Amino acid sequence: PALPFVELFLRTRDQRLLPLVMDIAQYVSKGQVRLEDGTLCRYEKFPGTVWADDLFMSAPYLMRMGLVTGKKQHFDDAAQQVVNFNKYLEDTRTGLYRHGWYDAEKRLSPVAWGRANGWVIWATSEILKLLPTSHPLRQEIVKIYRDHLKAVVTFQAPSGLWHQVLDRPDSFEETSCTAMFMIGMVRGIRMGVLDESYAPHLKKAWSGLQTRISADGIVKDICRGTEMSDDLGYYFKRERFDNDPRGLGAVITACTEM
């Protein structure tokens, strides 16, 4: 929730915002629990679990704090998170990310949840927007981004949408991950990170997304908040709520980017 405030500070330099954004930055950098290699993690449900969602919950903020403070350490931390999350969460068989990593058991969770992949794509697009071109990890992050989206587009449904569990076409088609992948593709094309071969996938997704927005502006089929689970059925059965905030912002952002 602090992310809009650091963005607002960068736009206005309103000094009243500074205590808040500095306090949150201090927590992310020094307070939040991490694995031994510095990867941000949780003690939820088990100690040392890495959730794909959390790349978005940390790295875009850190990047902006690099701009606020001029300190290279924030850029370095954010960039390293992208590399580390890829190391822990990529399923090398499909190129998709699994929802999480159980460090205590040294294993991946079994499910390639759509929005988990979406959070990673969206977060990485934020890094590439703001990371200096000279940063030593930039080219590695570009490769991670390309490889991830190359895998994602192979699982796009005929409707243009993506499924709740990306590699399971028998799961429902879900709106928020579709919007997040659109953000990744359109930004990637604009930045020159992706080539024009992604344009047809983007156009198809744009058509599909519009079928999930009613005439009076209600966004449909956004999966509710979802914990990490080993139970595939848990993901299949998640409720979908109109205008759920876990996806509404992504849809607005995708429309803006288009």
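Above this text you will find the structure in question.
Residues numbered from 1 in each chain as written. Predicted model: local features only at pLDDT ≥ 70, side-chain atom pairs only at ≥ 80, totals over all residues. Heavy atoms only, no water.

Student: How should the pattern of salt bridges be read in this particular structure?
Tutor: Under the defined criterion, the tally for this structure stands at 26 salt bridges. Here Arg107 and Glu105 are joined by a salt bridge, their closest N and O atoms 2.5 Å apart. Of the residues examined, Glu105 reaches a relative accessible area of 46% and is grouped as partly exposed. Three or more residues joined by partner-sharing salt bridges are found here, namely Glu7, Arg11, Arg64, Glu126, Arg187, Arg190 and Glu257. (Salt bridge = Lys/Arg side-chain N within 4 Å of Asp/Glu carboxyl O. Buried < 20%, exposed > 50% of the residue type's maximum accessible area, 1.4 Å probe, protein only.)

Student: What am I meant to see in the packing of aromatic side chains here?
Tutor: For any two aromatic rings, the description comes down to two numbers: the centre-to-centre distance and the angle of the planes. Evaluated as defined, the whole model comprises eight aromatic pairs. Measuring from centroid to centroid gives 6.2 Å for Trp113 and Tyr235, while their planes differ by 50°, and the two rings are tilted. Placement of Trp113 in the loop between strand S3 (107–108) and helix H5 (114–130) and of Tyr235 in helix H9 (residues 232–236) is noted, with a sequence separation of 122 residues between them. Judged by relative accessible area, Trp113 falls into the buried class, the value being 1%. Pairing Trp119 with Trp122 gives two aromatic rings, centres 6.0 Å apart and planes at 5°, and the pair type is stacked. Here Trp122 and Trp119 lie together in helix H5, a separation of three residues that amounts to about one turn. (Phe/Tyr/Trp six-rings, centres within 6.5 Å; stacked < 30°, edge-to-face > 60°. Helix = DSSP H or I, 4+ residues; strand = E, 2+ residues; numbered from the N terminus.)

Student: Got a minute to help me understand the packing of helix H7 (residues 175–191) against helix H10 (residues 245–257) in this structure?
Tutor: If you want to describe how two helices pack, look at the angle between their axes and the distance between the axes. At their nearest, the axes of H7 and H10 sit 8 Å apart, and the two run at 30° to each other. As summarised for this structure, H7 and H10 are arranged roughly parallel, according to the angle between their axes. The crossing of H7 and H10 is left-handed. In contact with Thr175, Ser176, Ala179, Met180, Met182, Ile183, Val186, Arg187 and Arg190 of H7, H10 contributes Arg246, Gly247, Ala250, Val251, Thr253, Ala254 and Glu257. Within the contact of H7 with H10, the residues separate by chemical class into eight nonpolar, four polar and four charged. (Axes fitted to C-alpha atoms, helices over the stretch in contact; angles between N-to-C directions. Parallel < 35°, antiparallel > 145°, perpendicular 65-115°, else oblique. Left-handed = near helix turned anticlockwise from the far one by under 90°. Contact = heavy atoms within 4.5 Å. Nonpolar A, V, L, I, M, F, W, Y, C, P; charged D, E, K, R; others polar.)

Student: Got a minute to help me understand helix H4 (residues 72–89) in this structure?
Tutor: The periodicity of an α-helix, 3.6 residues per turn, causes residues three or four places apart in sequence to face the same way. Taking 1.5 Å of rise per residue, the 18 residues of H4 would be expected to cover 26 Å, and the 26 Å separating its terminal C-alpha atoms lies within 8% of that figure. Of all the 18 residues making up H4, 13 are buried; the element is thus mostly covered by neighbouring parts of the structure. (Expected span 1.5 Å × (residues − 1).)

Student: What's the story with the environment of Val186 in this structure? I'm lost.
Tutor: Topologically, Val186 is positioned in helix H7. Residues Val186 and Ser176 lie 10 residues apart in sequence; the distance between their C-alpha atoms is 16 Å. With residues up to four places along the chain from it excluded, the contact list for Val186 reads Leu202, Glu257 and Met258.

Student: Which parts of the structure should I look at to understand the sheet that holds S3?
Tutor: Strand pairing within a sheet occurs via backbone hydrogen bonds; the two strands may be parallel or antiparallel. Taking strand neighbours across the sheet as the criterion, the three strands line up as S1-S2-S3 in an open arrangement whose pairing is antiparallel. This sheet does not close on itself; its edge strands, each paired only once, are strand S1 (49–51) and S3. Pairing of S1 with strand S2 (residues 100–102) involves three bridges; the strand directions are antiparallel. Pairing of Thr49 across the sheet is with Tyr102, part of S2. Across the sheet, H4 lies against S1, S2 and S3, angled at about 110° from S1, the strand it touches most. (Pairing = 2+ DSSP bridges.)

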